[in-house]
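A look at the structure
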Amino acid sequence: MKKKFYVTTPIYYVNDKPHIGHAYTTILADVLVRFHRVAGQEVFFLTGLDEHGQKVQQAAEARGLSPVDHCNDLAPRFLQLWDKLEIQYDDFIRTTQERHVKVVQAVLQKVYDAGDIYADEYEGWYSVSEERFITETEKESGEFRDVSKLKEKNWFFRMGKYQQQLLDYIKDHPDFIQPEHRKNEVLGFLRQPLGDLCISRPKSRMRWGIELPFDKDYVTYVWFDALLNYVTGVGYEQDAQRFGEWWPASVQLIGKDILTTHCVYWTTMLFSLGLPLPKTIFAHGWWLTGDTKMSKSLGNIVNPLDLIDQYGVDSVRYYLMREMVLGQDANFTMDSFIKRFNSDLANDFGNLLNRVSGLIGKYFDGCIPETEETEAEKEIREVAESLDDKVNALIDSLRVHEAIEEILVLVRMVNKYMEVQAPWKVAKEDLKRAGTILYTATEALRVSAVHLSPVMPEKTKAVLEVLGAVDSSSQWGGLTPGTKMQAHEALFPRLEVKD
Ligand code: MSP
């Protein structure tokens, strides 16, 4: 049976158009899925929208729309962006869909019947921006906006009872929370006694949610609804066989700001349901401008659509994947975008195609030449052949930027080889030898394109078409001598640096 890989992104709030933060995680998930697919695995990729809650209700009110109309208006914008970004998701879940509402209500009933949900009067600090009650310490940190004191009857999930189980689990499963510093953050959070979780809102205050099956005056509060999308999407309470095939998820990608909700709320919910925990929850950092997070409320966001229109989808995907060290914050600047574009894409990758196709056109009538390997070629072939294992290992440990760098090492090595071997000189005396050099460089380019295809699906496809490469395997020797190459334009024309 094929190995399975199930990846999820957070489901995004529909309070505004999608921005670079949303685009980043979704591209990351897409890139991982494509790498796993190339490696022969069966994949499932779930993304979607978080449509309930106060934030969405407020955003709808501000536009003079009902929450449903507001969501229906914004949802297509996410889908359009995913299309433009070449995102191959398998399912796009919206929490207002009936399939999800049913799952949430079934879960609420189950957890209630098991005695893990109770009613209580609660007074505490409530953060509208986070849509949850926060602790005294969290309030003092000053990191939460729109905080006010609130007192009301609500329904609570007995989260506290799972504290020790969670601590033991984290210690026994070193790969569960990644990267390491985020795991330590969660362990730090769990050093204080873990309280219970408020999971409801009275309808009198907030109607835009899923009604509790055991109390018609209340709706469930955002996290208890939203987190369950990850199991709804693979058939929980709908199709036991399908669910058994896909759950637990291989990787759940999140941003660092939703670490506690995923590593503590979500996992204790799964404990209560008796379901296995995801194999890995990975929290990435933020895209910053200067020292500040790019965010809608700060108005300092880059619109991903503008970037795609101007520079092409592949270079945007490449930049986001290559520039961010997964797990750390990264700075988004046009300067670094242009530098990365010109060095890796125009000079290294794009230029290699230009060189080989130009020379093959000139000396071999545009047909892939025959090859006879010597020591110099062997070296290139061996590096190319080692890429499969290297790239797979790096992708498995979620070091995407390093995987890309490994592939670029080969590309640069081949450019160097071309300079040293100078096939344009050799061709004048020994055409056969020049053919070997050009075959080797072109084949290495083909192998690099195959490896880069999860990151840059469009341009790598174009390269393979130019090379007449019917074989999309990463094994050495895929090019057939005699194949006529296609005419092409520059892959990534250099960008001029403007002030
Ligand atoms: N709806 C919740 C998630 C529920 S998951 C069951 C939510 N939505 S969100 O739209 O506000 O944010 C979604 C994700 O976008 C978060 O993981 C967040 O970290 C990420 N990003 C938002 N701005 C970002 C950057 N500037 N940089 C990188 N990612 C950031 O939270």
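That block above? That's the structure.
Residues numbered from 1 in each chain as written. Predicted model: local features only at pLDDT ≥ 70, side-chain atom pairs only at ≥ 80, totals over all residues. Heavy atoms only, no water.

**Details of the side chain of Gln252**
Tracing the chain through its elements places Gln252 in strand S13 (residues 251–255). In this structure Gln252 comes out as buried when scored by relative accessible area, which is 0%. (Helix = DSSP H or I, 4+ residues; strand = E, 2+ residues; numbered from the N terminus. Buried < 20%, exposed > 50% of the residue type's maximum accessible area, 1.4 Å probe, protein only.)

**Here we look at the nonpolar core**
In this structure, Leu320, Met321 and Phe349 are the most contacted members of the largest nonpolar core, which totals 105 residues. Examining the composition of this core, we find that twelve residues originate from one element, helix H14 (residues 334–364), more than from any other. If sequence neighbours within four positions are ignored, Met321 has contacts with Tyr24, Ile27, Leu28, Val31, Val400, His401, Ile404 and Val455. Residues Leu167, Ile199, Phe214 and Val234 belong to the second largest nonpolar core, which totals 69 residues. (Core = buried A, V, L, I, M, F, W, Y, C linked by side-chain atoms within 4.5 Å. Contact = heavy atoms within 4.5 Å.)

**Considerations on the site of the ligand**
Surrounding the ligand, one finds 24 residues, the nearest of these being Ile11, Asp50, Asp257, Trp287 and Met294. Tyr13 is positioned such that a nitrogen or oxygen atom in its backbone is 3.2 Å from an oxygen atom of the ligand. Asp257 places a polar side-chain atom, nitrogen or oxygen, 2.5 Å from an oxygen atom of the ligand. In isolation the ligand has 670 Å² of accessible area, and contact with the protein removes 95% of it. Counting only elements with at least two residues in the shell around the ligand, the list comes to strand S2 (12–13), helix H1 (20–38), helix H8 (222–226), helix H9 (229–232) and S13. Class assignment of the residues belonging to the shell around the ligand gives a composition of 13 nonpolar, eight polar and three charged. (Near = heavy atom within 4 Å. Polar contact = N/O pair within 3.5 Å; in protein donor to acceptor, adjacent residues only side chain to side chain. Areas by Shrake-Rupley, 256 points an atom, 1.4 Å probe, with all protein chains shown as cover. Nonpolar A, V, L, I, M, F, W, Y, C, P; charged D, E, K, R; others polar.)

**Observations regarding the side chain of His36**
Position of His36 among the secondary structure elements: in helix H1. By relative accessible area, His36 is classed as buried at 6%. A distance of 2.9 Å separates polar atoms of two side chains, one belonging to His36 and the other to Gln41. Those residues in contact with His36, other than ones at most four positions away along the chain, are Phe5, Gln41, Val43, Ile395 and Asp396.

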